[in-house]
Amino acid sequence: MADQGRIVILTGAGISAESGLGTFRDAGGVWAQHAVEDVATPEGFAHNPARVHAFYNDRRAQAAAAVPNAAHEALTRLEARHPGEVTIVTQNVDALHERAGSRNVIHMHGELARALCAACGHRWPAPAAMAPDDACPACGAAATRPDVVWFGEVPYGLERIDAALAAADLFVAIGTSGQVYPAAAYAQHAARLGAGTLELNLEPSANSRGFDVARHGPATRIVPAWVEEVLGS
Ligand code: OAD
């Protein structure tokens, strides 16, 4: 595999699964229990904001009660000890990377812990429970929403992510099914720009064959093992 100087790591719901947070597309996952268009689109929010707030209030409570697992902790060790830059690009809206101690984290799908005013764009720490008539602390509009990216919206941090991919020596995807774009195209994109690619997932993802190397198993086992290899210990 190519020089592992600069490492970009894309994470998905699978890295938080063993912390007790449900994935989206596995059997019994979030999208088996809720219709995507009801709770994760601007149209769903416009139609029934109370239902959307209730969905994210539940997820915020679950995420707050969860604790980082050995895979999150291994990535924190990697960032602290690896001589090259380590960038985590996460599709997850939980804060388990940060709570494990990771610092260079880009939340491309937003964060449960943040609130956003749809009227003025102001952002602030989300309360435990949000409601449709909550007023924005900056402009007073009752247009507050979770600061998460819904289908049909543009993910956050795309310029930073593109720059990190362009500079990457190694791209690693952890716990993601490879079904949601643009994240699903990052492995191919990084490879075209010269990076080695590695998949660490419970099972082969939709894009598994496009990676140079794929290792399959639970994140709490295969991520720490890979990190120890990179750190040479
Ligand atoms: P998915 O639910 O689509 O995929 C989770 C992946 O993690 C699957 O490939 C599982 O096999 C794998 N997995 C499950 N348990 C694991 C474990 N213990 N260790 C390692 N891997 C495991 O979740 P994402 O790919 O993150 O977006 O989904 C991407 C986006 O789709 C989400 O950010 C969300 C969702 O709709 C929005 O809501 C905008």
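In this text the structure is predicted, and so the values were computed from the model without any measurement.

A closer look at the site of the ligand
Neighbouring the ligand are 24 residues; Ala-13, Phe-24, Arg-25, Thr-176 and Ser-177 lie closest to it. One nitrogen or oxygen atom from the main chain of Phe-24 is found 2.7 Å from an oxygen atom belonging to the ligand. A distance of 3.1 Å separates a nitrogen atom of the ligand from a polar atom in the backbone of Leu-202. Across the complex, the protein chains shield 95% of the 790 Å² of accessible surface that the ligand would expose by itself. Classifying every residue of the shell around the ligand gives 10 nonpolar, 10 polar and 4 charged. Counting residues domain by domain, the shell around the ligand receives three or more from each of domain 1 (1-20 + 68-109 + 155-233) and domain 2 (22-65 + 111-148).

Some details on the side chain of Ser-208
Structurally, the position occupied by Ser-208 is in the loop between β8 (196-201) and β9 (213-216). Taking the relative accessible area as the measure of exposure, Ser-208 reaches 11% and is therefore buried. Here Ser-208 is in contact with Glu-199, Ala-214 and His-216, once residues within four sequence places are set aside.

A word on the pairing of β8
Counting buried residues in β8 gives 6 out of 6 residues, a clear majority hidden from the surface. By the alternation rule, side chains of β8 split into Gly-196, Leu-198 and Leu-200 and Thr-197, Glu-199 and Asn-201, which are all buried. At this point the chain moves from strand β7 (residues 170-174), through helix α9 (residues 186-192), to the parallel β8, and the crossover so formed is right-handed. Looking at chain direction, β8 and β9 are connected through 4 bridges and run parallel. Bridge pairing links Leu-198 to Val-213 in β9.

Some thoughts on the packing of aromatic side chains
In the structure shown here, the tally under the stated rule is 5 aromatic pairs. Ring centres 6.3 Å apart and planes at 45 degrees place the aromatic pair Tyr-56 and Trp-150 in the tilted group. One end of the pair, Tyr-56, is in helix α5 (residues 49-65); the other, Trp-150, is in the loop between β6 (144-148) and α8 (158-167), with 94 residues separating them in the sequence. Connected via pairs of aromatic rings, a cluster forms that spans Phe-24, Trp-31, Phe-45, Phe-55, Tyr-56 and Trp-150. A cation sits over an aromatic face here: Arg-123 above Tyr-156, 5.1 Å from the ring centre.

Comments concerning helix α6 (residues 70-81)
Taking 1.5 Å of rise per residue, 12 residues should cover 16 Å, and α6 covers 16 Å from first to last C-alpha, within 8% of that figure. The set of residues buried in α6 consists of Ala-71, His-72, Ala-74, Leu-75, Thr-76, Leu-78 and Glu-79. Looking at the buried side of α6, the elements it contacts are β1 (7-11), α1 (14-17), β2 (86-90), α7 (96-100), β7 and α10 (219-231). Sitting at the head of α6, Asn-69 places a side-chain oxygen 2.7 Å from the backbone nitrogen of Ala-71.

What to know about the side chain of Asp-147
Looking at the secondary structure, you find Asp-147 in strand β6. When its relative accessible area of 4% is taken as the criterion, Asp-147 is described as buried. Ignoring any residue separated from it by four or fewer positions in sequence, one finds Asp-147 in contact with Gly-110, Glu-111, Arg-114, Ala-115, Leu-116, Arg-123 and Tyr-156.

Focus on the sheet that holds β6
Pairing in this open sheet of 3 strands is antiparallel, and the strands run β5-β4-β6 from one edge to the other. Strands with a single pairing partner mark the edges of an open sheet, and in this sheet they are β5 (123-125) and β6. Adjacent strand axes in the sheet meet at a mean angle of 45 degrees, parallel and antiparallel pairs treated alike. Two strands pair when backbone bridges link them, and strand β4 (residues 110-117) and β6 are joined in this way by 5 bridges, in the antiparallel orientation. Bridge pairing in β6 places Leu-116 opposite Arg-145. Against the sheet, α5 contacts β4 and β6, and its axis sits at roughly 50 degrees relative to β6.

Criteria and thresholds
Residues numbered from 1 in each chain as written. Predicted model: local features only at pLDDT ≥ 70, side-chain atom pairs only at ≥ 80, totals over all residues. Heavy atoms only, no water. Near = heavy atom within 4 Å. Polar contact = N/O pair within 3.5 Å; in protein donor to acceptor, adjacent residues only side chain to side chain. Areas by Shrake-Rupley, 256 points an atom, 1.4 Å probe, with all protein chains shown as cover. Nonpolar A, V, L, I, M, F, W, Y, C, P; charged D, E, K, R; others polar. Domains from an automatic or database assignment. Helix = DSSP H or I, 4+ residues; strand = E, 2+ residues; numbered from the N terminus. Buried < 20%, exposed > 50% of the residue type's maximum accessible area, 1.4 Å probe, protein only. Contact = heavy atoms within 4.5 Å. Right-handed = clockwise from strand over helix to strand, strands pointing away. Pairing = 2+ DSSP bridges. Phe/Tyr/Trp six-rings, centres within 6.5 Å; stacked < 30°, edge-to-face > 60°. Lys NZ or Arg CZ within 6 Å of the ring centre and 35° of its normal. Expected span 1.5 Å × (residues − 1). Axes fitted to C-alpha atoms, helices over the stretch in contact; angles between N-to-C directions.

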